[in-house]
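# Structure at a glance
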Amino acid sequence: MASKSAWRVLGLALLLLTAWTAAPAGAAEPIVLGVPSSLGAVEGKESLNAVKLAVEEINQAGGVKVAGQARQMVVEAIDIRDSSPGVPVPEALLGIEKMILEKKPHAILVGPFRSEALLAGMDIIAKYKVPMLGTIAMTPESEKKIQSDPEKYKYIFRVSLNVPNWAKLLGGTMKALQTQFGLNKVYLMNQDVLWARGTANAMKGWYTANGWYVQGHDEYPTGAGDFAPVLMKAKTGGAHVLFTCFDMPESGILVKQWKSQKVPALMAGFISPMTGQGAWKAFDGKIGGVLNAIFELGNMPSQKYAPATAFYQAYEKKYGKGLEAGHGPAPSYESVYLLKEALEKAGTTEADAVVAALEKTDRQGVMGRVKFDAGHQVIYGTDPKEAATACFFQWTDDGKRMIVYPPALAEGEIKLPSWMKPAK
Amino acid sequence: MLQGTIIYGFINSVMLLLVALGFNLTFGISGVANFAFGALYITAGFLAWIGLNTLGLPYWLAGPAAVFITAVLAGLLYRFVVLRVRGLVVSEVIATFGVGLAILELFRFLGFIGFEYTLPEMLDLEVSLAGVIVDGQRLAILLVGAGLTLFLWWFTRHTRTGRAFRAIAQDEHTALTLGINTERVATVSVAFGAAYAAVAALVILPLGTIAVNEGYHVLVNALAVCIVGGLGSTLGVVVASFMIGFAQTFTATYLDTSWMMVVSLLAILVILLARPSGLFGSQKQLEERI
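Calculation rules
Residues numbered from 1 in each chain as written. Chains lettered and ligands numbered in written order. Predicted model: local features only at pLDDT ≥ 70, side-chain atom pairs only at ≥ 80, totals over all residues. Helix = DSSP H or I, 4+ residues; strand = E, 2+ residues; numbered from the N terminus. Buried ≥ 20, exposed ≤ 12 C-beta atoms within 10 Å, placed from the backbone. Contact = placed C-beta atoms within 7 Å. Rg over C-alpha atoms; globule rule 2.2 N^0.38 Å. Pairing = 2+ DSSP bridges. Axes fitted to C-alpha atoms, helices over the stretch in contact; angles between N-to-C directions. Domains from an automatic or database assignment. Nonpolar A, V, L, I, M, F, W, Y, C, P; charged D, E, K, R; others polar. Core = buried A, V, L, I, M, F, W, Y, C linked by C-beta atoms within 7 Å. Expected span 1.5 Å × (residues − 1). Bend = angle between axes of the 7 residues up to and from the residue. Parallel < 35°, antiparallel > 145°, perpendicular 65-115°, else oblique. Left-handed = near helix turned anticlockwise from the far one by under 90°. Right-handed = clockwise from strand over helix to strand, strands pointing away.

### What about the overall build of chain A?
Check the secondary structure of chain A and you find 14 helices and 18 strands. The dimensions of chain A, computed from C-alpha atoms along their principal axes, are 90 × 50 × 40 Å. Per-residue burial over chain A gives 53% buried out of 424 residues. For chain A, restricting intrachain contacts to residue pairs at least 6 apart in sequence, the fraction spanning at least 24 positions comes to 69%.

So this is what it looks like as structure tokens:
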């Protein structure tokens, strides 16, 4: 018995010795990237995939050079489930804190899904002083919070679209619809969550200020699956445009109901199940005519901006299918490169130095030129050579996604659905 | 607009009826409130999807196979999990809810996340009813809803297993004395309820996408209808489905869409306060009278 134990100890010692000698001498500590997000939502899942893609590319190219030392990057992810109805914000925050305490990330990427969780989580990020490059939650309240106390909240950045820039994109597209077809009567429909409510309310103001008539406005709780009553109201009232703002899977039903009821109004806004190329097959080709936004270029390829297409194709090659999310993956990919540049510039992983370097970012990336404003929001514009860019595409009747706005990226003109006539 | 509201209210009611029938059937016969019901509904959806897209089976095979496998899974759930805690109501609820949670989260863990998980429509057409355009899938829902309700009525009155269902629903101990194997019948009833959930999934899910969270919504809807109608009462389920279905659609049309989902929860609250055994429930009628 005793000899058996002795053999076991000897075997273990040999194993440890082998492992120790096999390890590269003086291998530098890896850079840990924490991804606490709603990994059960398409946006979260694909954003994590995009982060992994960038990390793989960087590691293969030699890693991050911090103070003359090449360091590999590793990704640690946790599903905080804040996109699911019924998951309270404190539970999501516990997930973020657990990630920070257990995995000790040098930076957090992607971050909370819901704006509610982002706002509440900002104090945790500030407490542990971990740079965060968020890519999903969209509320501008976070920027106000950063500006109200920059020293405390300086660790938080947003690389993706926020509500005010989203409203600007919508405004530009609606203006084009007004000019081109004389459309000026709108019915607003949105999911009852902070970012969508904020968008719809901002757009309501925009419509009124720009001579549109707001026929109605309805908010749907997350999980609602029947949109017929509101579509009937819009049809009866003669709305020209159905403004939509949804990120729940059930919102795909809305498009099929719109098409089957032949509501003579153009559907324009954001419906997350409509964004990916797979939507055409998934919804039996019954989505032709829908105008949908892509929050960050790169989440779909562009004929006019090669880096976006390069990222999209790299993702497709690695994961075997194109992106479905119109929000999250491209800026998540970009975030890893932004962080790499900041770490190399700072020459240290010390948070304050990395934040200072991030603030000076000026990089031509997959979603356009990336620079941050005082609220640590990436600056948006309508030309990717000058700023980060979002776009609108339209599903054609033969199942293609065609970018129609902004003009710098447009691949074709907006068309009304076959059962709808111009208002002028 | 009123015609439209009535027609879509009717369709919404039949959808509620479809998801509640199976849940109610299981409870009425075996006395088990199957809280894994929503998970079984989603399981059927994903099984059909796998059959169609991964295995490349034709619909006439993938659909029935999904129903059959879901029913077998539910039967196994009863034999190997619920039977051990049978009669301990709280334990039954915890066990079935736990299994349901595990199934749903397993799908999430396995990567069944995305918008590509959709089922094909059964009827690809559009019909005008009183000037209101209704798509083929909603017509299919109406037909299947009516068919399943009539089949249940026929099955429980004109087949040996159906009569055994009714026997143990009325009095399990007396049924035992008459030579009915109550454990076997209860297992069949759980499987039967799951098959109803699976058929509901095959007709309702083509309207949108198959999402894990939908499993929780289905459970809440089934519970709401059964509590309002009276657990175990088929007539109660039919009446409650139409009450809640119409209330939801009228609320969305004439009040506010954000109140739509609150309607079913409000209905549960009102019924629990006014008549805890539901509109047609006989479970605790005596206690209520006292």
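Past the structure itself, the notes keep going.
### Quick look at the overall build of chain B
Regarding its fold elements, chain B presents 12 helices and 2 strands. Sequence-ordered secondary structure for chain B, helices as α and strands as β, is α-α-α-α-β-β-α-α-α-α-α-α-α-α. The globule rule puts the C-alpha radius of gyration for 290 residues at 19 Å, and the 19 Å found for chain B is close to it. The principal-axis extent of the C-alpha atoms belonging to chain B is close to 55 × 50 × 35 Å. The 290 residues of chain B split such that 52% are buried. Expressed as a percentage of contacts within chain B between residues at least 6 apart in sequence, the contacts between residues at least 24 apart total 73%.

### Brief notes about the sheet that holds strand β7 (residues 156–158) of chain A
Residues and elements named next belong to chain A. If you trace the 5 strands from one edge of the open sheet to the other, you get β4-β1-β5-β6-β7, paired in parallel fashion. Whereas interior strands pair on both sides, the edge strands pair on one side only; in this sheet they are β4 (73–79) and β7. On average, adjacent strands in this sheet sit at an angle of 25° to one another, irrespective of strand direction. In this sheet, β4 lies alongside strand β1 (residues 31–37) in parallel orientation, the contact comprising 7 bridges. Residue pairing for β4: Val35 is matched across the bridge by Ala77. Contacts between helix α3 (residues 89–103) and the sheet are confined to β1 and β4, with β1 contributing the most and set at about 165° to the helix.

### Section: the domain arrangement of chain A
Think of interface size as the accessible area that goes away when the parts come together; that is how it is often given. Residue and element names in this part refer to chain A. Examined at the domain level, chain A breaks down into domain 1 (31–161 + 306–381) and domain 2 (164–294 + 390–405). If you average the C-alpha positions of domain 1 and of domain 2, the two centres end up 28 Å apart. Each side of the interface is counted separately: domain 1 has 15 residues, and domain 2 has 18 residues. Residue classes in the side of domain 1 that touches domain 2 are distributed as 8 nonpolar, 4 polar and 3 charged.

### Description of the nonpolar core
Generally speaking, soluble globular proteins have nonpolar side chains that are buried together. In terms of nonpolar packing, the biggest core is built from 230 residues, with Val51 and Leu242 of chain A together with Leu18, Leu40, Ala44 and Ala198 of chain B touching the most fellow members. The greatest single-element share of this core, amounting to 16 residues, is contributed by helix α8 (residues 182–204) of chain B. Counting residues domain by domain, this core receives three or more from each of domain 1 (31–161 + 306–381) and domain 2 (164–294 + 390–405) of chain A. If we ignore the near neighbours within four places in the chain, the residues touching Leu40 of chain B are Thr70, Leu73, Ala74, Ala194, Ala197 and Ala198 of chain B.

### Quick notes on the environment of Val190 of chain B
Residues and elements named next belong to chain B. Tracing the backbone through its elements, the reader meets Val190 in helix α8. Residues Val190 and Phe37, spaced 153 residues apart in sequence, show a C-alpha to C-alpha distance of 9.8 Å. Setting aside chain neighbours within four positions, we find Val190 in contact with Thr26, Ser30, Val32, Asn34, Ala74, Gly75, Leu77 and Tyr78.

### Describing the interface of chain B and chain A
Each partner contributes residues to the interface: chain B has 30 residues there, and chain A has 36 residues. Those elements that place two or more of their residues in the side of chain B that touches chain A are α1 (2–30), β2 (132–135), α10 (234–255) and α11 (260–274) of chain B. Among the elements that take part in the side of chain B that touches chain A, α1 of chain B stands out by supplying 4 residues, more than any other. In terms of residue class, the side of chain B that touches chain A is made up of 12 nonpolar, 13 polar and 5 charged.

### Describing helix α4 (residues 115–128) of chain A
All names here are of chain A. Taking 1.5 Å per residue as the helical rise, α4 with its 14 residues ought to reach 20 Å, and the 20 Å between its terminal C-alpha atoms agrees with that figure. Roughly 35° is the biggest bend found in α4, and it falls at Gly121. Within α4, burial applies to Ser115, Ala117, Leu118, Gly121, Met122 and Ile125. Within two residues after α4, Lys129 carries a phi angle of roughly 50°, on the positive side.

### Remarks on the sheet that holds strand β9 (residues 213–220) of chain A
Residues and elements named next belong to chain A. If you walk across this open sheet you meet the 7 strands as β9-β8-β10-β11-β12-β17-β18, and the pairing is mixed. Single-partner strands in this sheet number two, and they are β9 and β18 (401–405). In this sheet, neighbouring strand axes are inclined to one another by 25° on average, regardless of whether the strands run parallel or antiparallel.

### Focus on helix α2 (residues 37–54) of chain B
Here α2 of chain B is 18 residues long and its end C-alpha atoms lie 25 Å apart, about the 26 Å a rise of 1.5 Å per residue gives. Burial of α2 of chain B is extensive: 14 of the 18 residues sit out of reach of the surface.

### Here we look at the packing of α3 of chain A against α4 of chain A
Residue and element names in this part refer to chain A. The N-to-C vectors of α3 and α4 enclose an angle of 30°; their axes lie 9 Å apart at closest approach. One element, α3, and the other, α4, form an angle in the roughly parallel class. Two packed elements cross with a definite hand, and for α3 against α4 that hand is right-handed. Counting all contacts with α3, which are made through Val89, Ala92, Leu93, Ile96, Glu97 and Ile100, the residues of α4 involved are Glu116, Ala117, Ala120, Gly121, Ile124 and Tyr128. By residue class, the composition of the contact of α3 with α4 is 9 nonpolar, 1 polar and 2 charged.

### Let's talk about unusual backbone geometry
All names here are of chain A. Along the chain, Tyr405 connects to Pro406 via a cis peptide bond; the corresponding omega equals 5°. Considering the arrangement of structural elements, one finds Pro406 in the segment after β18. Residue Val110 is not a glycine yet carries a positive backbone phi of 70°. Tracing the backbone shows Val110 in strand β5 (residues 107–110). Looking at Val110, the number of C-beta atoms within 10 Å reads 32, which means it is buried.

### Regarding the environment of Glu296 of chain A
Residues and elements named next belong to chain A. As for its position among the elements, Glu296 is in the loop between β12 (291–294) and α12 (306–319). Given 32 C-beta atoms within 10 Å, Glu296 falls into the buried group. Taking C-alpha positions, Glu296 is 8.5 Å from Pro329, a pair spaced 33 residues apart along the chain. With residues near it in sequence (within four places) discarded, Glu296 still touches Ser160, Leu161, His327, Ala330, Pro331, Met367, Ala388 and Ala390.

### Describing the pairing of strand β11 (residues 266–271) of chain A
All names here are of chain A. With respect to burial, β11 is a largely interior element, 6 of its 6 residues being buried. Where strand β10 (residues 241–246) lies against β11, 6 bridges are found, and the strand directions are parallel. Looking across to β11, one finds that Phe243 is bridged to Ala268. You can see the chain leave β10, run along helix α10 (residues 252–260) and come back into β11, and the turn it takes is right-handed. Where β11 meets β12, 2 bridges bridge the pair, whose relative direction is parallel. Paired with Gly269 across the bridge in β12 is Asn292.

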